[in-house]
Amino acid sequence: MSGSSSSECAGIIRRLQDKYGEIPWWPGDTDEVLIGAILTQQTRWENVTRALDLLKAGGLCSIPAIFYADTPDIENAIRCTGFYRVKARRLRALATFVMTRYGGTRAMEGVPTHSLREGLLSVPGIGEETADSILCYGFNRASFVIDAYTHRICRCRGIPEERGHLKAVFEEVLPREPGAYRQTHAHIVEYAKEFCGKKRCSKCILMSSDG
DNA sequence: GACCAGGTCCTTG
DNA sequence: CAAGGACATGGT
């Protein structure tokens, strides 16, 4: 792996840890994480929590409930997350995959990570980021999430942005523990939301020397 | 009104 | 394969 990228990423990880410490992130049971992972696509998390509350109020915040629900009921609950028709379809596709292949998320816990990932990626509407979010936050697997914020931070540090490269580098540098993966990803999002615009970063604590 | 948000898929060149 | 567009609501 690129030694340069590795040391840069290691530096980013360490400085973010120093800045933020332990922060809670993406709470909820497994089913709720799967649903949230779809809803948060290209959408602010605050809008997602509102939709999750509406789903809960309607008894629709679980994979079986989504599987058996009427599509219009799902659409109404998730409208505030945008792309609501597409997302309702994706939720149905995910629920269908889980229920028909495993009978529920509980039965997926013993399935090997690479096998789970492959299955998730076969579901229409689930790409690499969503799959990794589900694996890392929903199933406690060491699969690092590369999102738009990760790209921004790495761009600002001159690290090659290709997704597979970034995923490999972070997974090489971090201890192979889901908790460490979750924490680092949470740090990246917190930092980037505040300091990294789409075009340029306003401030960069990641810039300091040593590395 | 313009621009953006923790993506993914489909169509074009 | 790269680039562009569609999907849609809500906040700044």
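What comes next concerns the included structure.

**So, the overall build of chain A**
Secondary structure assignment for chain A yields 11 helices and zero strands. Reading the helices (α) and strands (β) of chain A from amino to carboxyl end gives α-α-α-α-α-α-α-α-α-α-α. Its C-alpha atoms give chain A a radius of gyration of 18 Å, within 12% of the compact-globule value 17 Å for 211 residues. Across its three principal axes, chain A shows a C-alpha extent of roughly 55 × 35 × 30 Å. In chain A, buried positions account for 49% of the 211 residues. Sequence separation of 24 or more characterises 64% of the internal contacts of chain A that already satisfy a separation of 6 or more. In the form shown here, chain A has an accessible surface area of approximately 10,200 Å², with 50% of it arising from carbon and sulfur atoms. Looking at charge distribution, chain A has the averaged site of its 28 positive side-chain charges lying 6 Å from that of its 25 negative ones.

**As for the protein's contact with DNA strand C**
Close to DNA strand C lie Arg44, Asn47, Arg50, Arg79, Cys80, Gly82, Phe83, Tyr84, Arg85 and Val86, which account for all nearby residues. Atoms of DNA strand C within 4 Å of the protein: sugar and phosphate make up 57%, bases the balance. In this structure, Arg85 approaches DNA strand C through a main-chain N or O atom, which is 2.8 Å from a phosphate oxygen. Residue Val86 places a main-chain N or O atom 2.8 Å away from a phosphate oxygen belonging to DNA strand C. Listed by contribution, the elements that provide at least two residues to the surface near DNA strand C are α3 (45-57) and α6 (84-101).

**Quick notes on the protein's contact with DNA strand B**
Among the 22 residues in the neighbourhood of DNA strand B, the closest are listed as Trp25, Trp26, Thr130, Tyr149 and Arg152. Counting only the atoms of DNA strand B within 4 Å of the protein, the fraction contributed by sugar and phosphate is 66%. One nitrogen or oxygen atom from the main chain of Gly127 is found 2.9 Å from a phosphate oxygen belonging to DNA strand B. The side chain of Glu129 places a nitrogen or oxygen atom 3.4 Å from a sugar or linking oxygen of DNA strand B. For the surface near DNA strand B, the elements supplying multiple residues, two or more each, are α8 (128-138) and α9 (148-156). A breakdown of the residues in the surface near DNA strand B according to their chemical character gives eight nonpolar, eight polar and six charged.

**A short note on the packing of α9 against helix α11 (residues 178-195)**
Between α9 and α11, the least distance of the axes is 9 Å, while the angle of their chain directions is 70°. Looking at the two axes, α9 sits roughly perpendicular to α11. Contacts between α9 and α11 involve Tyr149, Thr150 and Ile153 from the first element and Ile188, Val189, Tyr191, Ala192 and Lys193 from the second. Across the contact of α9 with α11, the residue classes tally to six nonpolar, one polar and one charged.

**Some thoughts on the pattern of salt bridges**
Summed over all chains, the structure comprises 10 salt bridges. Between Asp132 and Arg117 there is a salt bridge, with the nearest N and O atoms lying 2.7 Å from each other. Taken together, the residues Asp132 in helix α8 and Arg117 in helix α7 (residues 113-121) connect sequence positions 15 residues apart. Taking the relative accessible area as the measure of exposure, Asp132 reaches 1% and is therefore buried. Given a relative accessible area of 17%, Arg117 falls into the buried group. For Glu161, the salt bridge is made with Arg155, and the minimal N-O distance between the two is 2.8 Å. Overall, Glu161 belongs to the partly exposed group, its relative accessible area being 26%.

**A closer look at the environment of Ile78**
Within the secondary structure, Ile78 sits in helix α5 (residues 71-78). Here Ile78 falls in the buried class, since its relative accessible area comes to 0%. Sequence separation between Ile78 and Val48 is 30 residues; the distance between their C-alpha atoms is 7.8 Å. The contacts of Ile78, once residues within four sequence positions are left out, are Leu39, Ala51, Leu55, Tyr84, Lys87, Ala88 and Leu91.

How each quantity is defined
- Residues numbered from 1 in each chain as written.
- Chains lettered and ligands numbered in written order.
- Predicted model: local features only at pLDDT ≥ 70, side-chain atom pairs only at ≥ 80, totals over all residues.
- Heavy atoms only, no water.
- Helix = DSSP H or I, 4+ residues; strand = E, 2+ residues; numbered from the N terminus.
- Rg over C-alpha atoms; globule rule 2.2 N^0.38 Å.
- Buried < 20%, exposed > 50% of the residue type's maximum accessible area, 1.4 Å probe, protein only.
- Contact = heavy atoms within 4.5 Å.
- Areas by Shrake-Rupley, 256 points an atom, 1.4 Å probe, with all protein chains shown as cover.
- Lys, Arg positive; Asp, Glu negative; His and termini not counted.
- Charge placed at Lys NZ, Arg CZ, Asp CG, Glu CD.
- Near = heavy atom within 4 Å.
- Polar contact = N/O pair within 3.5 Å; in protein donor to acceptor, adjacent residues only side chain to side chain.
- Nonpolar A, V, L, I, M, F, W, Y, C, P; charged D, E, K, R; others polar.
- Axes fitted to C-alpha atoms, helices over the stretch in contact; angles between N-to-C directions.
- Parallel < 35°, antiparallel > 145°, perpendicular 65-115°, else oblique.
- Salt bridge = Lys/Arg side-chain N within 4 Å of Asp/Glu carboxyl O.

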